[in-house]
Amino acid sequence: MKDPLERDKKPLPYKSYDEIPEEVIEEAEQIEQRCTDSSTMSVYYDCECWAMRFLEQRLIRGPEVSQNSVMMDIGTECPNTPAIAGYAYNTCIHQGISTFPSGQDPEEYCECVGNSYAKLYERSGQTLTSSLIVKMKTISALSCTKQPPGVPVLVPPIK
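Residues numbered from 1 in each chain as written. Predicted model: local features only at pLDDT ≥ 70, side-chain atom pairs only at ≥ 80, totals over all residues. Heavy atoms only, no water.

Enquirer: I'm lost on the overall build of the chain in this one. Help?
Expert: Counting its regular elements, the chain contains seven helices and zero strands. Secondary structure elements of the chain occur, N-terminal to C-terminal, as α-α-α-α-α-α-α. Within the span of the chain, comprising 159 residues, buried residues form 33% of the whole. For the chain, the computed accessible surface area is about 10000 Å², with 55% contributed by carbon and sulfur atoms. (Helix = DSSP H or I, 4+ residues; strand = E, 2+ residues; numbered from the N terminus. Buried < 20%, exposed > 50% of the residue type's maximum accessible area, 1.4 Å probe, protein only. Areas by Shrake-Rupley, 256 points an atom, 1.4 Å probe, with all protein chains shown as cover.)

Enquirer: Teacher, can you tell me more about the side chain of Q104 here?
Expert: Structurally, Q104 is set in the loop between α5 (81-93) and α6 (106-124). Polar contacts involving the side chain of Q104 include one to the main-chain amide nitrogen of K146, which spans 2.8 Å. Those residues in contact with Q104, other than ones at most four positions away along the chain, are Y109, C144, T145 and K146. (Polar contact = N/O pair within 3.5 Å; in protein donor to acceptor, adjacent residues only side chain to side chain. Contact = heavy atoms within 4.5 Å.)

Enquirer: Sorry if this is basic, but what is going on with the packing of aromatic side chains here?
Expert: Aromatic ring pairs are reported here in terms of the distance separating the ring centres and the angle at which the planes meet. Using the criterion set out here, one finds six aromatic pairs in the structure. Between the aromatic rings of F100 and Y109, the centroid separation amounts to 6.2 Å while the plane-to-plane angle is 80°, which identifies the pairing as edge-to-face. An identical accessibility class is assigned to F100 and Y109; each is buried. Through a chain of ring-to-ring contacts, the aromatic side chains of Y44, Y45, W50, Y87, Y117 and Y121 assemble into a single cluster. (Phe/Tyr/Trp six-rings, centres within 6.5 Å; stacked < 30°, edge-to-face > 60°.)

Enquirer: So what exactly am I meant to see when it comes to the environment of D73 here?
Expert: Among the secondary structure elements, D73 is positioned in helix α4 (residues 67-74). We classify D73 as partly exposed; its relative accessible area is 31%. Once the C-alpha coordinates of D73 and R61 are considered, the two residues, 12 residues apart in sequence, prove to be 9.6 Å apart. Those residues in contact with D73 that sit more than four places away from it in its chain are Q57 and R61. Separated by 2.2 Å, the side chains of D73 and R61 make a polar contact.

Enquirer: Sorry if this is basic, but what is going on with the packing of α5 against α6 here?
Expert: Helix packing geometry: the angle between the two helix axes and the distance between the axes. One way to put it is that α5 packs onto α6 with a least axis distance of 7 Å and a crossing angle of 140°. It follows that α5 is oblique to α6 by the angle criterion. With respect to the hand of their crossing, α5 and α6 are arranged in right-handed fashion. From α5, T81, I84, A85, Y87, A88, Y89, C92 and I93 reach across to α6, where they touch P106, E107, Y109, C110, E111, V113, G114, N115, Y117, A118, Y121 and E122. The residue makeup of the contact of α5 with α6, split by class, is 14 nonpolar, three polar and three charged. (Axes fitted to C-alpha atoms, helices over the stretch in contact; angles between N-to-C directions. Parallel < 35°, antiparallel > 145°, perpendicular 65-115°, else oblique. Left-handed = near helix turned anticlockwise from the far one by under 90°. Nonpolar A, V, L, I, M, F, W, Y, C, P; charged D, E, K, R; others polar.)

Enquirer: What should I look at first to understand the environment of T76 in this one?
Expert: Here T76 lies in the loop between α4 and α5. Considering only alpha carbons, one finds T76 and L128, 52 residues apart in sequence, at a separation of 8.2 Å. Not counting residues up to four positions away in its chain, the partners in contact with T76 are Y45, Y121, G125, Q126 and T127.

Quick look at the structure:
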């Protein structure tokens, strides 16, 4: 299987990292810092990976292209799947006992919700929005809810 980050790669305009202009490296470092400083971005993205992908796209696209355009090029690459799963698990486990499906172990249920939520985001390829978050929370919760015998599964488990 081909690496998804390799899909549209063009050769970089520099033969070694020593040739990369300092201002381009500084811009990538600023992108990484902004990501790291954001409580949302740092959960959903591997900030170091994202900054490196930004640097690569900046070198390919050139200095005339706006920072926002370069950011759109990398879009949802570099999801931080472990952090996303942890965030969803913590959100689930702290909801309160009345929100857990009856007869299910809260720990097991929330672990399933966390992992399902992370997989859904990783596969979505969509920009993070409140609508997407609600959809993913709903689908992951339904996919982890065990139905009584004879009752059809609402959403199949996320594998």
